[in-house]
Amino acid sequence: MPESNQISLSVEGMSCASCVGRVDRGLAALDGVQDVSVNLASETARMRVEDPQVIPSVIEALDQLGYPARAAKVTLSIDAMSCASCVGRVDKALAAVPGVLSVNVNLAAETATVVYAEGVVAHSDLIEASKAIGYPACVTEAKSSGDRVARKEEEAKDLAGKMSMAAALALPVFLVEMGGHLIPAVHMAIENSIGQQASWIAQFILTSLVLFGPGRVFYLKGFPALLRGAPDMNSLVAVGTGAAYLFSVVATFVPAALPDGVRSVYYEAAAVIVVLILLGRFLEARAKGRTGAAIQKLLGLQARTARVRRNGETVEIEIDALTQGDIVVVRPGERIAVDGEVVEGSSHVDESMLTGEPIPVEKRAGDAVTGGTVNGAGSLGFRATRVGSETTLAQIIRMVEEAQGAKLPIQGLVDRITLWFVPVVMAVATLTVLVWLVFGPSPALTMALVAGVSVLIIACPCAMGLATPTSIMVGTGRAAEMGVLFRKGDALQQLDTVDVVAFDKTGTVTEGRPELTDLVLADDFDRAEVLAKIASVEALSEHPVAEAIVRAARAEGVSVAEAEDFSSITGYGVRAVVGGAEVLVGADRYMKREGIDISALTGRETELARRGRTALYAAIGGRIAAVIGVADPVKPASRAAIAALHEMSLKVAMITGDKRETAEAIARETGFDHVVAGVLPDGKVSALDELRQGDKRIAFVGDGINDAPALAHADVGIAIGTGTDVAIESADVVLMSGDLRGVVNAFEVSRRTMRNIRQNLFWAFAYNVALIPVAAGALYPVFGLLLSPILAAGAMALSSVFVLTNALRLRRVAPVMDERRDVSGSSSSVIPVPAE
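Residues numbered from 1 in each chain as written. Predicted model: local features only at pLDDT ≥ 70, side-chain atom pairs only at ≥ 80, totals over all residues. Heavy atoms only, no water.

The three strands are arranged β13-β12-β15 in an open sheet whose pairing can be described as antiparallel. Each of the sheet's edge strands pairs with one partner strand only, and the pair in question is β13 (361–363) and β15 (374–375). Examined bridge by bridge, strand β12 (residues 347–350) and β15 share two bridges and lie antiparallel to one another. Among the inter-strand pairings, Val349 is bridged to a residue of β15, identified as Asn375. (Pairing = 2+ DSSP bridges. Helix = DSSP H or I, 4+ residues; strand = E, 2+ residues; numbered from the N terminus.)

What follows covers the pairing of strand β20 (residues 564–569). The buried fraction of β20 is low, at zero of six residues. Sheet topology places β20 next to strand β21 (residues 573–578); four bridges connect them, and they run antiparallel. Residue pairing in the sheet places Ser567 in a bridge with Arg575 of β21. (Buried < 20%, exposed > 50% of the residue type's maximum accessible area, 1.4 Å probe, protein only.)

Turning our attention to the UniProt feature "domain: HMA" (unreviewed entry) in the protein chain. In the numbering used here, UniProt assigns the feature "domain: HMA" (unreviewed entry) to residues 5–70 and 72–138. Measuring from the first to the last C-alpha atom of residues 72–138 gives 17 Å, for a span that is 33% helix and 34% strand. (UniProt positions renumbered as here; feature names shortened; annotations may be inferred.)

Let us look at the packing of aromatic side chains. For the coordinates displayed, the defined rule picks out 12 aromatic pairs. Relative to Tyr219, the ring of Phe212 lies with its centre 6.4 Å away and its plane at 35 degrees, an arrangement referred to as tilted. The exposure class of Phe212 is exposed, given its relative accessible area of 52%. Among the residues examined, Tyr219 registers a relative accessible area of 13% and is labelled buried. Taken together, the aromatic side chains of Phe204, Phe212, Tyr219, Phe223, Tyr245, Phe253 and Tyr267 make up a single cluster linked through ring pairs. Over the ring of Tyr572 we find Arg589, and its NZ or CZ is 5.8 Å from the ring centre. The cationic tip of Arg593 hangs over the ring face of Tyr572; the distance from NZ or CZ to the ring centre is 5.1 Å. (Phe/Tyr/Trp six-rings, centres within 6.5 Å; stacked < 30°, edge-to-face > 60°. Lys NZ or Arg CZ within 6 Å of the ring centre and 35° of its normal.)

Taken in spatial order, the three strands of this open sheet run β1-β3-β2, and their pairing is antiparallel. A strand with exactly one partner marks an edge of an open sheet, and here the two such strands are β1 (6–10) and β2 (33–39). Across the sheet, the mean angle from the axis of one strand to that of its neighbour is 20 degrees, orientation sign disregarded. Sheet contacts for helix α1 (residues 17–28): β2 and β3 (44–49); angle to β2, the most-contacted strand, approximately 170 degrees. (Axes fitted to C-alpha atoms, helices over the stretch in contact; angles between N-to-C directions. Contact = heavy atoms within 4.5 Å.)

What follows is the structure, given as structure tokens:
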């Protein structure tokens, strides 16, 4: 923040001087805000604030005025986070920076995603805020996910070295001390050779090397955090091992300070605890690296270089040097560098890594190609249309990264608990020591020390902090490999609660490429003339039905004339003038609206609907001329996918613009439970509300373009398409595949991931609830058992490893539906297409 407290906010939505006036007056009325200056040209609001804490009020006032402050987002890489308590403190520190709108800290990814008011917060402010509480930070680079995997591998290697050194030093200590306790002959051998005092001094030297060598990281981080009043996992380890070590040092070098009955050493506990915790962190780092495997694979799909034609020559350049419009040459077997449009050559391209489809797709001039896919045997030349961060693959990587860093609603309670977890554990440990000192049997001091250290060591906020984010990272990554992109992380949880899946029909359940099947003429009309006039009108429309009619006319050799005064009425039909005659094509409601008598053909229209055709009427010169039957083949996987959703106990509905008779034919053909028929495009939102009755949660599946309002209105919006044309801005989940297999797989990943999260959370909380009392000595009065600090350290390390290992099982989630599943029998089915 500048010293003068002068700030400049980017403001959205201002379009005129009146807007400027409203913003100026609204901000000037706030307490602590002075010298307001609003600029329409630069879309900024400058002002001086008496205190930076006023900034949240300024941002809130702009929202209420309807001119929100423009938000920006940055992802920081956070070092030194070791447990859920660290997450809470980093979250709190970053959220306290004036101008920060939201913070999402992810322990598994070791990142913090911060949304802030543009112009108010600098990246350095955020970095400084995190650094001030002991967690160094930096802005992540574009390819940070791949770097993070390498960083975790390097960290695991470093921890393996430290653990090996600590183990080598701790092993003699453990064997001598524990051997002497368990085997009397060992104890006597030590006494008769070097003596107890010499043995303790040797243990002191070895243990000191462990604690101040490989184990010093716990003290360098743990004690400063404790002094700041923000203890973390390192603090628990530092206090626990430090207490055992200092007690042993006193017993060794100042024995007179302790009563004879409690004079003993716990060097082996301090040393072995460090070894076990280093082992746990080594396994944790290695597992964390594997959670980013999906991103690593996606990054591996990116080409590094490309051959382009420039100045009449073909030259090889770095991928970052490509620009839109470059002609890229792809040889057989090479990976396509960026998105583009084929301009020469033909080949078959393997798109399985993006869409999941195993069969290579034929590509000719005019066809689109996607960066990251692999060319087949032919050679291609294509014009680059999307480069850099705009490519489909780059967008996929960005969506997966954002989903992996998401904070699910279920995480909110965990965060609130873990923020106070470590201080509570330290309080419990202190209370445990006091209770043993007052009520414990002799030697009470020794027992109190063992119990207190065990409580400190066994508590595991790491497992709590890792329980949710690791499952999200692995689950969303595996989903991406299956062609399912969770654009919004919370959709992962919401999808698990869905009761009803509603589908748009055209292009979703069906191929979206209808064909003309029937043309029934009224009396005194000629087929060729009627088809020519209808096709002339439909040639100006972009609706799939129009394309089917024009294709049929051309196939029959009918000439398509030029139409005039064309107009389209959404949900009804189209009209134009052809050869001096007005031609109307549309649904029965359109004809009735225009006063056209359709009674002569209503019987035939009903018959077509019963046969599963979409029926449209055509009127020429004010008279009904024909009824048109159009059908759209079902996608091969649709029927099997709907059956699979039924097996998941989900209700399946279809929203269509077709008449009731036609819609029921569709339901019989494909297995839908419920049909909402005769819906205009702008009525799909109301249709969802109808399906939502009884507090049901709805997922809507559409093509992602025409269905944007419904996708946004549903509890979970699922856009289905090729991955390049879907309107991802409206959807929560984007499917790369063009059929419904991805819908089934999305539900499967959601359910498996949420089950995995619940397992992790149960383990993490149950572990602490059950074992902290055991460590405190709850079993001693009945069974005479007191948990060793060494066993406590082993259990703590295993807790985190268990959570991570359980999350990694999600990498083995198999698609419920893939290309090997039998979907025969549906590819030849014919389904009507709506007159939407």
